[in-house]
Amino acid sequence: MDREEVRDLLHRVSAGTSGVEEALRELVAGPLAGRGDGDGIKDLGFARLDTHRALRTGDPEVVYGAGKKTAHIVTLLQELVRQPGRRTALATRLSDEALDAVSRGFDGDAGSDVPTGVRTEVRIDREARCAALGEPPSVQGRVVVVTAGTTDEPVAREAAFVAREFGCSVELVRDVGVAGIHRLLAVRDRLDAADCLVVVAGMDGALPSVVSGLVTVPVVAVPTSVGYGACFGGIAPLLTMLNSCGPGVLVCNIDNGFGAAVAAARMTRRMVRRDTGRPIPVGS
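Calculation rules
Chains are numbered independently. Their residues run from 1 in the order of the written sequence. Two thresholds apply to this predicted model, a pLDDT of at least 70 for residue-level local features and 80 or more for giving and counting side-chain atom pairs, whereas whole-chain, interface and lining totals are computed over all residues. Excluding hydrogens and water, the side-chain figures rest on all heavy atoms present in the structure. For the purposes of this entry, the term helix denotes a DSSP run of H or I that reaches at least four residues, the term strand denotes a run of E that reaches at least two, and both are numbered from the N terminus. Three exposure classes are used, based on accessible area relative to the maximum for each residue type with a 1.4 Å probe and protein chains only: buried under 20%, partly exposed in between, and exposed over 50%. A contact between two residues is defined here by any heavy atoms of the two lying within 4.5 Å. Residue types Ala, Val, Leu, Ile, Met, Phe, Trp, Tyr and Cys, when buried and joined through side-chain atoms within 4.5 Å, form a set referred to as a nonpolar core. Note on patches: the residues involved have over 30% relative accessible area and no salt bridge, like charges join within 9 Å, and the nonpolar side chains Val, Leu, Ile, Met, Phe, Trp and Tyr join within 5 Å. Only the protein chains shown count as cover for residues, and all accessible areas are computed by the Shrake-Rupley method using a 1.4 Å probe. Every case where a carboxyl oxygen of Asp or Glu lies within 4 Å of a side-chain nitrogen of Lys or Arg is listed as a salt bridge. By the convention used here, strands pair only if DSSP detects at least 2 bridges between them. Lines fitted to C-alpha atoms define the axes here, with helix axes fitted over just the stretch in contact, and angles between the N-to-C directions of these axes take values from 0 to 180 degrees. If an angle is under 35 degrees, it is roughly parallel; if it is over 145, roughly antiparallel; if it lies from 65 to 115, roughly perpendicular; otherwise it is oblique. Left-handed describes a crossing whose near helix is turned anticlockwise from the far helix by less than a right angle; the clockwise case is right-handed. Polar here means any residue outside two lists: the nonpolar Ala, Val, Leu, Ile, Met, Phe, Trp, Tyr, Cys and Pro, and the charged Asp, Glu, Lys and Arg; Gly therefore counts as polar. Between the first and last residue of a helix there are one fewer steps than residues, each counted as 1.5 Å, and that sum is the expected span.

Asker: Can you help me understand the overall build of the protein chain in this one?
Answerer: Looking only at helices and strands, the protein chain features eleven helices and eleven strands. Looking at the protein chain as a whole, 48% of its 284 residues are labelled buried. Here the contacts in the protein chain between residues at least 6 apart in sequence split such that 66% fall between residues at least 24 apart.

Asker: Would you mind showing me how to read the environment of Val 178 here?
Answerer: Among the secondary structure elements, Val 178 is positioned in the loop between strand 8 (169–173) and helix 7 (181–185). If near-sequence neighbours (up to four positions away) are discounted, Val 178 is found in contact with Asp 204, Ala 206, Leu 207 and Val 210.

Asker: Looking at this model, I keep getting lost on unusual backbone geometry. Mind explaining?
Answerer: Working note: non-glycine residues mostly have negative phi, and peptide bonds are mostly trans. The backbone of Arg 93 sits at a positive phi, close to 55 degrees, despite the residue not being glycine. Position of Arg 93 relative to the elements: it lies in the loop between strand 4 (89–92) and helix 5 (96–105). Here Arg 93 falls in the partly exposed class, since its relative accessible area comes to 31%. Non-glycine residue Met 203 carries a positive phi angle of around 50 degrees. Its relative accessible area of 45% is what places Met 203 among the partly exposed residues.

Asker: Got a minute to help me understand the nonpolar core in this structure?
Answerer: If you look at soluble globular proteins, the nonpolar side chains tend to sit buried side by side. Within the largest apolar cluster, 29 residues are counted, with the highest numbers of intra-cluster contacts made by Leu 90, Val 143, Val 145, Phe 166, Val 198 and Val 200. Those elements that provide at least two residues to this core are strand 6 (130–133), strand 7 (142–147), helix 6 (153–165), strand 8, strand 9 (196–201), strand 10 (219–223) and helix 11 (257–276). Among the elements that line this core, the one with the most residues is helix 6, at seven residues. Not counting residues up to four positions away in its chain, the partners in contact with Phe 166 are Asp 59, Pro 60, Val 62, Leu 90, Pro 137, Val 262, Ala 265 and Arg 269.

Asker: Teacher, can you tell me more about a nonpolar patch on the surface here?
Answerer: A cluster of nonpolar side chains, namely Phe 232, Ile 235, Leu 239 and Leu 242, defines an oily patch on the protein surface of about 420 Å² accessible area. As for its placement among the helices and strands, Leu 239 is situated in helix 10 (residues 235–242).

Asker: Looking at this model, I keep getting lost on the sheet that holds strand 4. Mind explaining?
Answerer: One key point about sheets: their strands pair by backbone hydrogen bonds, in either a parallel or an antiparallel sense. Reading across from one edge, 3-4-6-5 is the order of the four strands in this open sheet, with mixed pairing throughout. The open sheet is flanked by strand 3 (62–64) and strand 5 (122–125), the only strands paired with a single partner. Across the sheet, the mean angle from the axis of one strand to that of its neighbour is 15 degrees, orientation sign disregarded. Across four bridges, the pairing between strand 5 and strand 6 is antiparallel. Its bridge partner being in strand 6, Arg 123 is matched across the sheet by Ala 132. On the sheet, helix 4 (residues 70–82) packs against strand 3, strand 4 and strand 6 and is oriented at approximately 160 degrees with respect to strand 4.

Asker: Sorry, what's going on with the packing of helix 4 against helix 5 here?
Answerer: Packed helices, taken two at a time, are described by the angle their axes make and the gap between the axes. Two numbers describe how helix 4 lies on helix 5: the axes approach to 9 Å, and their chain directions differ by 40 degrees. The angle between the axes of helix 4 and helix 5 places the two elements in the oblique class. As for the relative orientation of helix 4 and helix 5, their crossing is right-handed in sense. Counted together, Thr 70, Ile 73, Val 74, Leu 77 and Gln 78 of helix 4 and Glu 97, Ala 98, Ala 101, Val 102 and Gly 105 of helix 5 form the full contact between these two elements. By residue class, the composition of the contact of helix 4 with helix 5 is six nonpolar, three polar and one charged.

Asker: Just to check I follow, could you spell out the side chain of Thr 268 for this structure?
Answerer: Relative to the helices and strands, Thr 268 is located in helix 11. Residue Thr 268 is classed as buried on the basis of its relative accessible area, which comes to 0%. What Thr 268 contacts, discounting residues up to four positions off in sequence, is Gln 140, Gly 141, Arg 142, Val 143, Cys 168, Asp 195 and Cys 196.

Asker: What exactly am I supposed to notice about helix 4 here?
Answerer: In an α-helix there are 3.6 residues to a turn, and that puts residues three or four apart on one side. The first and last C-alpha atoms of helix 4 sit 19 Å apart over 13 residues, in line with the 18 Å expected at 1.5 Å per residue. Within the span of helix 4, buried status applies to Thr 70, Ile 73, Val 74, Thr 75, Leu 76, Leu 77, Gln 78, Glu 79 and Leu 80. Those residues of helix 4 hidden inside the fold are in contact with strand 1 (41–43), strand 2 (48–50), strand 3, strand 4, helix 5 and strand 6.

Asker: Just checking my understanding: could you explain the sheet that holds strand 10 for this structure?
Answerer: Spatially, five strands are ordered 8-7-9-10-11 in an open sheet, and the strand pairing comes out parallel. Edge positions in the sheet fall to strand 8 and strand 11 (249–251), since each of these pairs with one other strand and no more. In this sheet, neighbouring strand axes are inclined to one another by 25 degrees on average, regardless of whether the strands run parallel or antiparallel. With five bridges joining them, strand 7 and strand 8 adopt parallel strand pairing. Residue pairing across strands places Val 146 opposite Val 173, the latter belonging to strand 8. Relative to the sheet, helix 6 contacts strand 7, strand 8, strand 9 and strand 10, its axis offset from that of strand 8 by approximately 165 degrees. Against the sheet, helix 10 contacts strand 9, strand 10 and strand 11, and its axis sits at roughly 155 degrees relative to strand 10.

This is the structure in structure tokens:
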């Protein structure tokens, strides 16, 4: 349950279309469930799941899959799907085994090593190594994800997937690095039409600086670990981006498409709500 859903519930009570007892049951099942195995926390033994994030931030809860057992990932997602409300549940950095298990675990055909499945809509991007469950969010604003080269694609796909599941319309503009700068100039109008840009680059990491000098749009830069020896696993493009001469470039950690997408989505949602004159709930 998030702030918009609580607001909608209160409006229904005020309008008389929902009774007080019905509203109370919804709240008790959501963020006001009490202490311990409620109050925004679900203790699963191996993890203490945050079921309150949407109310605090307006964002869905996300399971970081790297290093987790496959059965634990599926269990976490199943518990998120069982929570009241309409928010999407996400998982990132999933192995092939985990991607297969998530797909099976929510279509009623879970294997014996996976907890009993919960049937719901599943959206998977294998190149992004991400999965999303539940009702897709309504679209608010437009994020364009830009790559310097084709080897930046997995990080860019992660950013695109997450931004879309956080409620943004997303376009991918691929392979417009500075080694062939005419490719970038050819798509300048598309970039400037976005509400926010996520620019993904390895090697020398110069693309975000160039982009920031061509557009009026906020730029979130993501260095990738793509490059030869002196790239140092992404440290070289990271330092380039941190030392950008282009003003207003925000820099995320190496290969952190997820973090860039969340930042872009939050900025975009906030701008769209200001433009439309809608109330801006704190934390969303």
